[in-house]
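In case you want the letters, here they are:
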Amino acid sequence: IDISGSTASSFGSGTSSSTIEVEKALAIRIIQDMAINDNVAVVAFNTIPFLVSPLTPLGLKQNLTSRVASLQFGGGTVVSQGLHRANTILEDAKGGRNVILISDGHSDFADDALTKASLMYEKGIKIYAVGVGERTNRLFMQRLAEQGGGIYFEPAASQYLKILFGEPEEEKTFEGRA
């Protein structure tokens, strides 16, 4: 999740929401759409990465959505730093290894991020990029997803992430009979 200073800008005309507020809402929605046994880690980044939550099954995480909701913006943007941390977390992980990068796509050292995405894909780690805000650098985010073997999404298309990564398990209820 991009928490750089550029995410303080307005999400779009006609809205009072900032880009970071929309990013956090998207991240929370994605987390809520995952199955409780899915392993999930959360990394926030600006010029450096911050581990919000280590890679563990979602069902074992306490207060993850509130930790995401409390993220604050500030600093510059270096997407490659967030990708580097995600790579470190996922390089030895078992099962599907996917990164969902939520950002406005404004990054210093963009070529480094594209190279990192390519290297991660060679190791079997896919990158799905979600562009947020009117000012999203769509070209960069599309290239990032392409280099990472994933797909680029606009916020309105984020529901497709649910399809890609599966529906959450629904609670099973049984009706009693008299």
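What comes next concerns the included structure. (Residues numbered from 1 in each chain as written. Predicted model: local features only at pLDDT ≥ 70, side-chain atom pairs only at ≥ 80, totals over all residues. Heavy atoms only, no water.)

With that settled, consider the nonpolar core. One finds Ile1, Val42, Val68, Leu71 and Ile102 to be the most contacted residues of the largest nonpolar core, which totals 22 residues. Looking at this core, the elements that each hand over two or more residues are helix 1 (19-32), strand 1 (39-45), helix 2 (64-69) and strand 4 (126-131). In terms of residue count, the dominant contributor to this core is helix 1 (7 residues). Not counting chain neighbours up to four residues away, the residues in contact with Leu71 comprise Ile1, Ile3, Ile20, Lys24, Ala44 and Val52. In terms of nonpolar packing, the next biggest core, distinct from the first, is built from 20 residues, Phe45, Val99, Met120 and Ala145 among them. (Core = buried A, V, L, I, M, F, W, Y, C linked by side-chain atoms within 4.5 Å. Buried < 20%, exposed > 50% of the residue type's maximum accessible area, 1.4 Å probe, protein only. Helix = DSSP H or I, 4+ residues; strand = E, 2+ residues; numbered from the N terminus. Contact = heavy atoms within 4.5 Å.)

Relative to the helices and strands, Leu90 resides in helix 3 (residues 79-90). Classification of Leu90 as buried rests on a relative accessible area of 10%. Taking C-alpha positions, Leu90 is 7.5 Å from Ile125, a pair spaced 35 residues apart along the chain. Beyond its immediate chain neighbours, meaning those up to four positions away, Leu90 contacts Leu55, Arg97, Asn98, Val99 and Ile125.

As judged from the 6 bridges shared by strand 1 and strand 2 (residues 49-57), these two strands associate in the antiparallel manner. Each bridged residue has a counterpart across the sheet, and for Asn39 the counterpart in strand 2 is Pro57. Turn length for the strand 1-strand 2 hairpin, with the two strands adjacent in sequence and antiparallel, is 3 residues. (Pairing = 2+ DSSP bridges.)

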